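# Topology and contacts: notes
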Amino acid sequence: MSANQLFEKIENSPSVDFGNIFNKSFDLFKKVWVQGFIHLLISLVVILPLIFVMYIPLFAIAGISGFEDAYGGSGYPGEELSVGLMILFIVLILVVTMIATALQFGITAHFYRVCKQVDLGLSETSSYFMFLKGKYLGKVFTIAISTFGIALLATLLCYLPLFYVMVPLQLLGVIFAFNPDLGASDLIKASFKLGNKIWLVAFGLILISSILSQFVGMLLCFIGIFFTASFVYMPIYYLYKDTIGFDDKESEQEDTLFVK
């Protein structure tokens, strides 16, 4: 699908029904909750080492302070070094955040494809990292940097715009998952076009599904959150399906490409 075709589908998309999508989300979640749990574990395994790397400067600062206390240093060289390490720590936070966002984005995009395969009765693939290699890797990082910048700008504008951009940024993942060959700018533009059109319903679905997944997870001794967290992606998947939809021939061709 070309960018113009995608924009045209969004403009001509039908209205969405809150209750219908919510009910279908429950039905689909019953079928894909295991895959949701697996995707969450993969995300944790990939991102946790990045978090450890991020804290290396703090360990270095603590070591310098301990060395000065033990040997009665003057403190001036140590203070300069500590400031340098703190700057490095801030830079690392930004870099790790970008990388973690990109990895999470790519893994979540694959989960949307699993949702489609299960929903339509297609054969399931096991290419969890299909969007984190080859021609898609650079695009994933470009989108991650863009979304981070948009979210940061919205936060700096007294937080209120963050509620607005939350919907398009959530829709961006599912739009990318089913249109990965489009440019990053076209994908972001499409997410905002669709977000503007269905903002109220989408915001309500995202908010309610997030609260429900966390509440039920806490009732299950908190560890249940690992199993219920993926429920929030179900309404987002159906928001895409019920507005833009899938082309049957394109779906069959795309899914055969990602079997390996």
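What comes next is a walk through the structure.

Here is what the cut-offs are and how they apply
- Residues numbered from 1 in each chain as written.
- Predicted model: local features only at pLDDT ≥ 70, side-chain atom pairs only at ≥ 80, totals over all residues.
- Heavy atoms only, no water.
- Core = buried A, V, L, I, M, F, W, Y, C linked by side-chain atoms within 4.5 Å.
- Buried < 20%, exposed > 50% of the residue type's maximum accessible area, 1.4 Å probe, protein only.
- Helix = DSSP H or I, 4+ residues; strand = E, 2+ residues; numbered from the N terminus.
- Bend = angle between axes of the 7 residues up to and from the residue.
- Axes fitted to C-alpha atoms, helices over the stretch in contact; angles between N-to-C directions.
- Parallel < 35°, antiparallel > 145°, perpendicular 65-115°, else oblique.
- Left-handed = near helix turned anticlockwise from the far one by under 90°.
- Contact = heavy atoms within 4.5 Å.
- Nonpolar A, V, L, I, M, F, W, Y, C, P; charged D, E, K, R; others polar.
- Phe/Tyr/Trp six-rings, centres within 6.5 Å; stacked < 30°, edge-to-face > 60°.
- Lys NZ or Arg CZ within 6 Å of the ring centre and 35° of its normal.

### Some thoughts on the nonpolar core
In this structure, L28, L171, I175, F176, M234 and L239 are the most contacted members of the largest nonpolar core, which totals 63 residues. Elements represented by at least two residues in this core include exactly α1 (3–11), α2 (18–54), α4 (76–120), α5 (135–156), α6 (160–178), α7 (184–197), α8 (199–219) and α10 (233–243).

### Focus on α6
The largest bend in α6 is about 35°, located at M166, with the proline P168 one to four residues further on. V165, V167, P168, L171, L172, G173, V174, I175, F176, A177 and F178 are the residues of α6 that are buried.

### What about the packing of α6 against α10?
Where α6 contacts α10, the two axes come as close as 9 Å, and the packing angle between them is 60°. Considering their axes alone, α6 and α10 lie oblique with respect to each other. Handedness of the α6/α10 crossing: right-handed. For the pair α6 and α10, the contacting residues are Q170, L171, V174, I175 and F178 in the first and I236, Y237, L239 and Y240 in the second. Of the residues belonging to the contact of α6 with α10, the class tally is eight nonpolar, one polar and no charged.

### Details of the packing of aromatic side chains
As enumerated under the stated definition, the model contains 21 aromatic pairs in all. Where F22 meets F231, the ring centres are 6.1 Å apart and the plane angle is 85°; that geometry is what we call edge-to-face. Of the two residues, F22 sits in helix α2 while F231 sits in the loop between α9 (225–228) and α10, which places them 209 residues apart along the sequence. One exposure class covers both F22 and F231, and it is buried. When the centroid spacing of 5.2 Å and the interplanar angle of 35° are considered together, the rings of F178 and Y240 count as tilted. Of this pair, F178 sits in helix α6 while Y240 is found in helix α10, placing the two residues 62 residues apart along the sequence. One exposure class covers both F178 and Y240, and it is buried. Among the aromatic side chains, those forming a connected cluster through ring pairs are F18, F22, F26, F29 and F231. Between K116 and the ring centre of F246, over which it is positioned, the NZ or CZ distance is 4.8 Å.

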